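Working through the structure, step by step
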Amino acid sequence: EPEVTQTPSHQVTQMGQEVILRCVPISNHLYFYWYRQILGQKVEFLVSFYNNEISEKSEIFDDQFSVERPDGSNFTLKIRSTKLEDSAMYFCASSDGGPVLTFGAGSRLTVL
Amino acid sequence: AQSVTQLGSHVSVSEGALVLLRCNYSSSVPPYLFWYVQYPNQGLQLLLKYTTGATLVKGINGFEAEFKKSETSFHLTKPSAHMSDAAEYFCAVSGPSGGYNKLIFGAGTRLAVHP
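Summarised in this report is the structure supplied together with it. (Residues numbered from 1 in each chain as written. Chains lettered and ligands numbered in written order. Predicted model: local features only at pLDDT ≥ 70, side-chain atom pairs only at ≥ 80, totals over all residues. Heavy atoms only, no water.)

Here we look at the pairing of strand 9 (residues 88-95) of chain A
Residue and element names in this part refer to chain A. Our working rule: Note on exposure labels: buried denotes an accessible area under 20% of the residue type's maximum, exposed denotes more than 50%, and partly exposed covers the range between, all computed with a 1.4 Å probe on protein chains only. Here a strand is any run of E in DSSP of at least two residues, a helix any run of H or I of at least four, and the numbering for each starts at the N terminus. Each pair of strands is called paired provided DSSP finds at least two bridges between the two strands.
The buried count for strand 9 comes to eight of eight residues, which makes it a mostly enclosed element. Burial of strand 9 is two-sided: the residues Ala88, Tyr90, Cys92 and Ser94 facing one way and the residues Met89, Phe91, Ala93 and Ser95 facing the other way are all buried. Examined bridge by bridge, strand 9 and strand 11 (residues 107-111) share three bridges and lie antiparallel to one another. The residue bridging Ala88 from the neighbouring strand is Leu109, located in strand 11. Of the pairings in the sheet, the one linking strand 9 to strand 10 (residues 102-103) comprises two bridges and is antiparallel in character. If you follow Ala93 over to strand 10, its bridge partner there is Phe103. Connecting strand 9 to the antiparallel partner strand 10 that follows it, the hairpin turn spans six residues, and Gly97 within it adopts a positive phi of roughly 105°.

Here it is, written out as structure tokens:
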């Protein structure tokens, strides 16, 4: 069964460092998403991406965050200067435009 | 704005007992409704969904949920719990005000199954 692949599974970084989280969506999907889950809290929407541009973003997704589809297969989330409160599990998801999103296993980010 | 409330952050049942996980939503128009499951150290896996049509929907692993518009609920049930059902379960909604491609999640319910 097709799946969404995320790397790394866990990353530890120092506050202020840049982090890039990578995702390989399902190959025929055109809609891509990032969600995050701070430990013990809800899964929250960050951003959606379609046709090489952001289609929607939440208030969490400030100037420190950016997304990119650098080639035909990868979808990345960059955090420019990490803060302690960026520590969370980050989930990538993709869809074919229908209501069902397929999620990856997540990338756990720990900011020290 | 749409929101989802899951009653009970932790539910514990005996193996073989009925599983009932509660989910209520707020939306002025019936949204799309989903249950996702997260096993330890894994991602979010779709259990089942309601979009249109039959209000009782069946999902994987013997789970089912019923959309009740009058109660704005979408509770998840399974007649007989198995040890392998221990996981965190998330109810989610998407729909008119938030967009059908953007999921709003509940806080999650951690299900424990004991022998």
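Picking up where we left off.
Focus: the interface of chain A and chain B
The line we're drawing: Contacts are assigned to residue pairs with any non-hydrogen atoms lying within 4.5 Å of each other. By buried area we mean the combined loss of accessible area, with a 1.4 Å probe, across both parts when two parts are placed together. In what follows, salt bridge is the name for a side-chain nitrogen of Lys or Arg lying within 4 Å of a carboxyl oxygen of Asp or Glu. Polar contacts, as used here, are pairs of N or O atoms within 3.5 Å; protein pairs need one atom able to donate a hydrogen and one able to accept it. Residues neighboring in sequence count only if both atoms are side-chain atoms.
Tallying the contact residues gives 17 residues for chain A and 20 residues for chain B. Around 1500 Å² of area is buried between chain A and chain B when both sides are counted, 59% of it from carbon and sulfur atoms. Ranking the residues of chain A by area buried against chain B places A:Lys42, A:Pro99 and A:Phe103 at the top, with a combined share of 33%. Taken together, the connections running from chain A to chain B amount to one salt bridge. Note that B:Lys102 and A:Glu56 form a salt bridge whose closest N and O atoms lie 3.0 Å from each other. There are three residue pairs in polar contact (both at pLDDT 80 or more) connecting chain A and chain B. A per-element tally of the side of chain A that touches chain B places strand 4 (residues 31-37) of chain A first, with four residues.

Purely geometric stuff here, so don't read any function into it on its own.
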